[in-house]
Amino acid sequence: MGSARRTNALNTIGPHRQAPLGHFISGRSVEGAGSTTDVLEPATGEVLGQVRDATENELNDAVAASKAAFAGWSATPGEKRKAILHRVADLIEARADEIAEVECLDAGQCWRFMSKAALRGADNFRFFADQAPSAADGQSLPSQHHLNYTSRSAIGPVAVITPWNTPFMLSTWKIAPALAAGCTVVHKPAEWSPYSARLLVEIAHEAGLPPGVFNSINGLGETTGKRLTEHRDIKAIAFVGESKTGSAIMRQGSETLKRVHFELGGKNPVVVFEDADLERALDAAIFMIYSLNGQRCTSSSRLLIQRSIYDAFVAKAAERVEKLKVGDPFDPATEVGPLIHPRHFAKVASYAAVAATDGAKVAAGGAPVAEAGGGYFYQPTLYVDAETHMRIAQEEIFGPVLTVIPFEDEADAISKANDVQYGLAAYVWTSDLGRALRVSNALQAGMVWVNSENVRHLPTPFGGVKDSGIGRDGGDWSFDFYMETKNVALAYGSHSIQRLGV
Ligand code: NAD
């Protein structure tokens, strides 16, 4: 683990390793006085540094800064917001390698995927920046006696709470539309991978974002996250993370009637029919579960294969899984890196006993990597001959673990695909157009890809149904969340008004 890229990453976060990583409030760095948590390097288990848990006063300062900045930022002309956010994108592009290296270091993500992820963060800023000038536009809805028109305005200071799996890209996805809409932001990144969020807020200020518009506070979910979601001056919460955390946040925000947007867990099915292009289906299924170390919300964690092609498909899948290159995330050849943290590693590893009890068969992997050198490496794992009631077919493992289930026909495939609490993404492989449409319509998922892996197109809606989320990101859906819609009704003076007390 001694590559030049790792050295670069250590240098990039160097200034934030000398003392515990604090916060960024009102355009300046705040050391912080709260308790600290170690940040670990997933590939080696080494301590990279410490991160602070914000004190209540520090959290209140961040919210107060976002409240104070709101009037100015929301009134800033859309064209000006657009220009600043494009400058943010320019600076992200200029530092894309550095950001990607930091993601490899503290999130353990592989360079081969991260080198594009930072650039996607820049794309997110550009896409939403372009819509800033028209974000407030509404509709004209005339009736016989009134001219109704609608307009939108930014909802207020918002909280953005993000997870550790692809921290930079996910943060930009939420923060860029909030800023484009005219909201001010308090961001709380995940405590296990906090460094790239610090780069983002520094870049945003270098690009000319006024102080207080975007604040970043570090801390634990149960203290800082909870206080942020309970704060009266925060008007909406955009949250990405686990389903049970979503429930907790909904409770925490209920007292102050917060608007919430949740992107939560998944147990996404890939349904492969016998008439599919099986080579491409295999490529996509393997890519979607084993890339990003299996820590991907839209991962293809359940593979449903039609019985007639089951044995041959599973044999090929097992061969591919055995050959996956596990190792140093900085090595461009590595396909699967470490899990994020010992706690998450223990969770993923615990499913070996669960699978054995359930009676599933191990076709590949199924154990920690023997010579992990202190890192949290788990073997790419393939469970076959599983049944939908098994826990490995129901629960989000969030690691490089694929559960394969056979099905008989279209009806059986739909029933098995829908037989989980989650409903984020689904993938269908068939060459029969009618079947593709029928199955897509019947699947309980917010997003369905037909004959494709997850390919994000920013104007389209992203989000889940059932326990996978509330609300949609992307296109105008993001603006609808971060803005309030107002209707104004102007009378033509032609309608009669009831005259009481005459
Ligand atoms: P998590 O829910 O444990 O934590 C996410 C964030 O919430 C962290 O910043 C954490 O500190 C904070 N948090 C925890 N408890 C909180 C509380 N009570 N109040 C406020 N904030 C709190 O999730 P994680 O383990 O970091 O991430 C993995 C999960 O994220 C998986 O379930 C994955 O599917 C999901 N995810 C979903 C999407 C999506 O788009 N649907 C994308 C990526 C990840």
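I'd like a description of the site of the ligand, backed by residues and values.
Residues in close proximity to the ligand total 28 residues, the closest being Thr 162, Glu 191, Thr 245, Leu 264 and Glu 396. Interatomic distance of 2.7 Å between a side-chain N/O atom of Glu 191 and an oxygen atom of the ligand. Between Leu 264 and the ligand, the recorded distance is 2.8 Å, taken from a backbone N or O atom to a nitrogen atom. Surface burial for the ligand is 92%, taken as the share of its 850 Å² of free accessible area covered by protein chains. Of all the elements in the fold, those that place two or more residues in the shell around the ligand are helix 8 (221-230), strand 9 (236-240) and helix 9 (243-254). Counted by class, the shell around the ligand contains 14 nonpolar, 8 polar and 6 charged residues. Two domains share the shell around the ligand, each providing at least three of its residues, namely domain 1 (4-264 + 468-486) and domain 2 (269-450).

Let's hear about the side chain of Ser 196: which residues, and what values?
Relative to the elements of secondary structure, Ser 196 occurs in helix 7 (residues 195-206). Engagement of the side chain of Ser 196 in a polar contact is seen with the side chain of Glu 103, the distance being 2.8 Å. Leaving out residues up to four positions away in the same chain, Ser 196 has contacts with Val 102, Glu 103, Asp 106, Pro 167 and Phe 168.

If you had to explain the domain arrangement of the protein chain to someone new, which residues and values would you point to?
What the domain assignment lists for the protein chain is domain 1 (4-264 + 468-486) and domain 2 (269-450). Between the C-alpha centres of domain 1 and domain 2 there is a distance of 30 Å. Each partner contributes to the interface: domain 1 provides 30 residues, whereas domain 2 provides 33 residues. Summed over both partners, the interface of domain 1 with domain 2 buries about 2,500 Å², with 64% contributed by carbon and sulfur atoms. Considering only the surface of domain 1 that becomes buried against domain 2, Trp 164, Trp 192 and Ser 468 emerge as the three largest contributors, covering 23% of it. Scanning the region where domain 1 abuts domain 2 turns up 0 salt bridges. In this structure, the connection of domain 1 to domain 2 is made through 9 residue pairs in polar contact (both at pLDDT 80 or more). If you tally residues by element for the side of domain 1 that touches domain 2, the top one is helix 4 (residues 96-107), at 5 residues.

Give me the packing of aromatic side chains: which residues, what numbers.
Here the structure, examined in full by the defined rule, presents 11 aromatic pairs. Centroid distance Phe 127 to Phe 128: 5.0 Å. Interplanar angle 85°. Geometry classified as edge-to-face. Exposure class is identical for Phe 127 and Phe 128. Each is buried. Seen from their ring centres, Phe 273 and Phe 407 are 5.2 Å apart, and the 75° between their planes marks the pair as edge-to-face. With Phe 273 in the loop between strand 11 (269-272) and helix 10 (278-290) and Phe 407 in strand 15 (residues 401-407), this residue pair connects regions lying 134 residues apart in the sequence. For the pair formed by Phe 273 and Phe 407, the shared burial category is buried. Among the aromatic residues, those joined into a cluster by ring pairs are Phe 127, Phe 128 and Phe 479. When the ring centre of Trp 111 is taken as reference, the NZ or CZ atom of Arg 5 above it lies at 3.8 Å.

So what's going on with the nonpolar core? Residues and values would help.
Ile 92, Phe 125, Leu 179, Leu 209, Phe 214 and Tyr 482 are the most contacted members of the largest nonpolar core, which has 67 residues in total. The element contributing the most residues to this core is helix 5 (residues 111-131), with 10 residues. Those residues in contact with Phe 214 that sit more than four places away from it in its chain are Ile 175, Leu 179, Val 185, His 187, Leu 200, Val 201, Ala 204, His 205 and Leu 209.

Account for the pattern of salt bridges, with residues named and values stated.
In total, this model carries 27 salt bridges according to the counting rule given. When the shortest N-O distance is used, the salt bridge between Asp 90 and Arg 126 registers 2.7 Å. With Asp 90 in helix 3 (residues 78-94) and Arg 126 in helix 5, this residue pair connects regions lying 36 residues apart in the sequence. Residues Lys 361 and Asp 385 are paired through a salt bridge, measuring 3.7 Å at the closest nitrogen-oxygen approach.

Which residues make up the packing of helix 5 against helix 6 (residues 167-181), and what values go with them?
Closest axis-to-axis distance for the helix 5/helix 6 pair is 8 Å, and the angle between their directions is 10°. If you check the angle between helix 5 and helix 6, you find them roughly parallel. Relative to helix 6, helix 5 is oriented so that their crossing is right-handed. On the side of helix 5, the interface is formed by Ala 117, Ala 118, Arg 120, Gly 121, Asn 124, Phe 125, Phe 128 and Ala 129, while helix 6 contributes Phe 168, Met 169, Thr 172, Trp 173, Ile 175, Ala 176, Pro 177, Leu 179 and Ala 180. Class assignment for the residues of the contact of helix 5 with helix 6 results in 13 nonpolar, 3 polar and 1 charged.

Before we move on, could you go through a nonpolar patch on the surface and cite the residues and values that matter?
Residues Leu 147, Tyr 149, Leu 490 and Tyr 492 make up a contiguous nonpolar surface patch of about 370 Å² in total accessible area. Mapped onto the elements of the fold, Leu 490 is located in strand 21 (residues 483-491). For Leu 490, a relative accessible area of 42% puts it in the partly exposed group.

Break down the environment of Ile 470 for me, with residues and values.
Structurally, Ile 470 is set in strand 20 (residues 469-470). Classification of Ile 470 as partly exposed rests on a relative accessible area of 38%. Sequence spacing of Ile 470 and Glu 263 is 207 residues, and the spatial spacing of their C-alpha atoms is 6.8 Å. Residues in contact with Ile 470, not counting those within four places in the same chain, are Met 250, Val 260, His 261, Phe 262 and Gly 464.

Explain helix 12 (residues 342-358) to me, using residue names and the numbers behind them.
Between the first and last C-alpha of helix 12 there are 25 Å, a value that for 17 residues agrees with the 24 Å anticipated at 1.5 Å per step. Turning to helix 12, its buried residues are His 344, Phe 345, Val 348, Ala 349, Tyr 351, Val 354 and Ala 355. Those residues of helix 12 that are buried lie in contact with strand 14 (381-384), helix 13 (391-394) and strand 15. Gly 359 lies just past helix 12 and shows a positive phi near 95°.

Go over the environment of Ala 83, please, and point to the residues and values.
For Ala 83, the position within the fold is in helix 3. A relative accessible area of 36% means that Ala 83 is categorised as partly exposed. In the structure, Ala 83 is positioned 124 residues away from Ala 207 in sequence and 9.5 Å away in space, judged by C-alpha atoms.

Conventions and cut-offs
- Residues numbered from 1 in each chain as written.
- Predicted model: local features only at pLDDT ≥ 70, side-chain atom pairs only at ≥ 80, totals over all residues.
- Heavy atoms only, no water.
- Near = heavy atom within 4 Å.
- Polar contact = N/O pair within 3.5 Å; in protein donor to acceptor, adjacent residues only side chain to side chain.
- Areas by Shrake-Rupley, 256 points an atom, 1.4 Å probe, with all protein chains shown as cover.
- Helix = DSSP H or I, 4+ residues; strand = E, 2+ residues; numbered from the N terminus.
- Nonpolar A, V, L, I, M, F, W, Y, C, P; charged D, E, K, R; others polar.
- Domains from an automatic or database assignment.
- Contact = heavy atoms within 4.5 Å.
- Buried area = accessible area lost by both parts, 1.4 Å probe.
- Salt bridge = Lys/Arg side-chain N within 4 Å of Asp/Glu carboxyl O.
- Phe/Tyr/Trp six-rings, centres within 6.5 Å; stacked < 30°, edge-to-face > 60°.
- Buried < 20%, exposed > 50% of the residue type's maximum accessible area, 1.4 Å probe, protein only.
- Lys NZ or Arg CZ within 6 Å of the ring centre and 35° of its normal.
- Core = buried A, V, L, I, M, F, W, Y, C linked by side-chain atoms within 4.5 Å.
- Axes fitted to C-alpha atoms, helices over the stretch in contact; angles between N-to-C directions.
- Parallel < 35°, antiparallel > 145°, perpendicular 65-115°, else oblique.
- Left-handed = near helix turned anticlockwise from the far one by under 90°.
- Patch = residues over 30% accessible without salt bridge, like charges linked within 9 Å, V, L, I, M, F, W, Y side chains within 5 Å.
- Expected span 1.5 Å × (residues − 1).

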